[in-house]
Amino acid sequence: MTAIEYAMFRILRLFRKLPFNILGIGNRKVIFAEYFKDFEKVAAVKGIFGEKTSEVLSHLKVEFSWIMGYMYVDGSDGHLVISKGYLNTGNKTDIYLDLIHELCHVKQFMDGRELFDPRYDYVDRPTEIEAYRYAVQEARRLGLSEERICLYLKTEWMGEGDFRRLAKSVNVLIP
Ligand SMILES: [Zn+2]
C-alpha cells in the first residue's frame with residue numbers, strides 16, 4: 001500500500017463510522033463525537049485543541065443542513081453547520097480536510113476571535129490562513145501531493161489571484 005492509499009484508507013475508515021441516517025436527521029443538532037468517530041485521535045485535531053480535544057469534540061454541536069455549499073462555523077454560538085448534500089456526494093478527502101479546517105475555526109471561536117472579520121478579504125483573513133495551515137499540514141502528513149493540495153485549496157468561487165495568494169500564505173507550491 002502506498003502512502004496515499006494508506007491515507008485514503010484511513011480517511012474512508014473515519015467516514016465508514018458515520019451513521020447512515022444523516023440525511024434523515026431533521027434540523028436538530030447532534031454531537032460531533034457521536035457522528036465523526038476517532039477524530040480525537042487525529043494528530044492535527046489534537047494540535048488544535050491539545051489536551052481538551054476529547055472534551056471539546058464530545059460537546060461540539062453539529063447541524064446537518066440542506067444548505068448549499070460546504071460547511072461553516074455559526075458565528076452566533078460556534079456550532080458547526082455541514083451541508084448534507086456535500087457530506088453525501090462530496091470528495092471524502094476534501095470533506096475530511098474541511099472538517100480539520102472548521103475545527104480550527106471552532107477553536108478560534110472558543111478563544112473569542114472574530115471569524116468573519118470584514119476588514120480582510122477571505123484569503124487574507126488571519127483566521128482563514130490559520131485554518132488552512134492546519135488542513136494543509138494534515139494533507140501533507142497524509143502524503144497528498146502539492147498538486148492535490150492545490151486542487152483542495154482552489155474553490156470554484158476563488159479567482160486565480162486569490163488562490164495564488166492563499167497558496168503562498170500556507171506555503172503550498174503551485175505546480
Ligand atoms: Zn474557513
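Residues numbered from 1 in each chain as written. Predicted model: local features only at pLDDT ≥ 70, side-chain atom pairs only at ≥ 80, totals over all residues. Heavy atoms only, no water.

1. Examining the packing of aromatic side chains
Enumeration over the complete set of coordinates arrives at 9 aromatic pairs. Arranged with centres 5.8 Å apart and planes meeting at 75 degrees, the rings of Phe-36 and Phe-39 form a pair that is edge-to-face. Here Phe-36 and Phe-39 have matching classes, each one buried. Aromatic rings pair up to connect Phe-32, Tyr-35, Phe-36, Phe-39, Phe-64 and Tyr-96 into one cluster. (Phe/Tyr/Trp six-rings, centres within 6.5 Å; stacked < 30°, edge-to-face > 60°. Buried < 20%, exposed > 50% of the residue type's maximum accessible area, 1.4 Å probe, protein only.)

2. Concerning the sheet that holds strand β2 (residues 61-65)
Read across the open sheet, the 4 strands follow the order β1-β2-β4-β3; overall the sheet is mixed. Of all strands in the sheet, those bounded by a partner on one side alone are β1 (30-31) and β3 (71-73). Where β2 lies against strand β4 (residues 80-83), 4 bridges are found, and the strand directions are parallel. In the strand pairing of β4, Val-62 is matched with Leu-80. Relative to the sheet, helix α6 (residues 92-110) contacts β3 and β4, its axis offset from that of β3 by approximately 10 degrees. (Pairing = 2+ DSSP bridges. Helix = DSSP H or I, 4+ residues; strand = E, 2+ residues; numbered from the N terminus. Contact = heavy atoms within 4.5 Å. Axes fitted to C-alpha atoms, helices over the stretch in contact; angles between N-to-C directions.)

3. Digging into the nonpolar core
Membership of the largest hydrophobic core comes to 55 residues, with the highest contact counts inside it found for Phe-32, Phe-36, Phe-39, Tyr-96, Leu-99 and Leu-153. Here the element with the most residues in this core is α6; it accounts for 8 residues. Once residues within four sequence positions are removed from consideration, Tyr-96 is found in contact with Ile-11, Leu-14, Phe-15, Phe-39, Val-42, Glu-138 and Leu-142. (Core = buried A, V, L, I, M, F, W, Y, C linked by side-chain atoms within 4.5 Å.)

4. Concerning the side chain of Asp-74
The topology assignment puts Asp-74 in the loop between β3 and β4. The side chain of Asp-74 sits in the buried core without any salt bridge; Lys-29 is the nearest counter-charge, 6.5 Å away. There is a polar contact of 2.4 Å between the side chain of Asp-74 and the side chain of Ser-76. In contact with Asp-74, other than residues within four places in its own chain, are His-79, Val-81 and Phe-109. (Lys, Arg positive; Asp, Glu negative; His and termini not counted. Salt bridge = Lys/Arg side-chain N within 4 Å of Asp/Glu carboxyl O. Polar contact = N/O pair within 3.5 Å; in protein donor to acceptor, adjacent residues only side chain to side chain.)

5. Thoughts on the coordination of the zinc ion
On the protein side, the zinc ion has His-101 (NE2), His-105 (NE2), Glu-128 (OE) and Glu-128 (OE) as donor atoms, found 2.0 to 2.7 Å from it. The site at the zinc ion holds 4 donor atoms, and with the angles between them running 52 to 147 degrees, its shape is irregular. Going along the chain, you hit the donors of the zinc ion in the pattern H-x3-H-x22-E. Residue His-101 is located in helix α6, and its partner Glu-128 is located in helix α7 (residues 126-141); the two are separated by 27 residues in the primary sequence. We classify Glu-128 as buried; its relative accessible area is 5%. (Donors = N, O, S within 2.8 Å, 3.2 Å for Na, K, Ca; no water. Tetrahedral: all angles 85-135°; square planar, octahedral: opposite > 155°, others 65-115°.)

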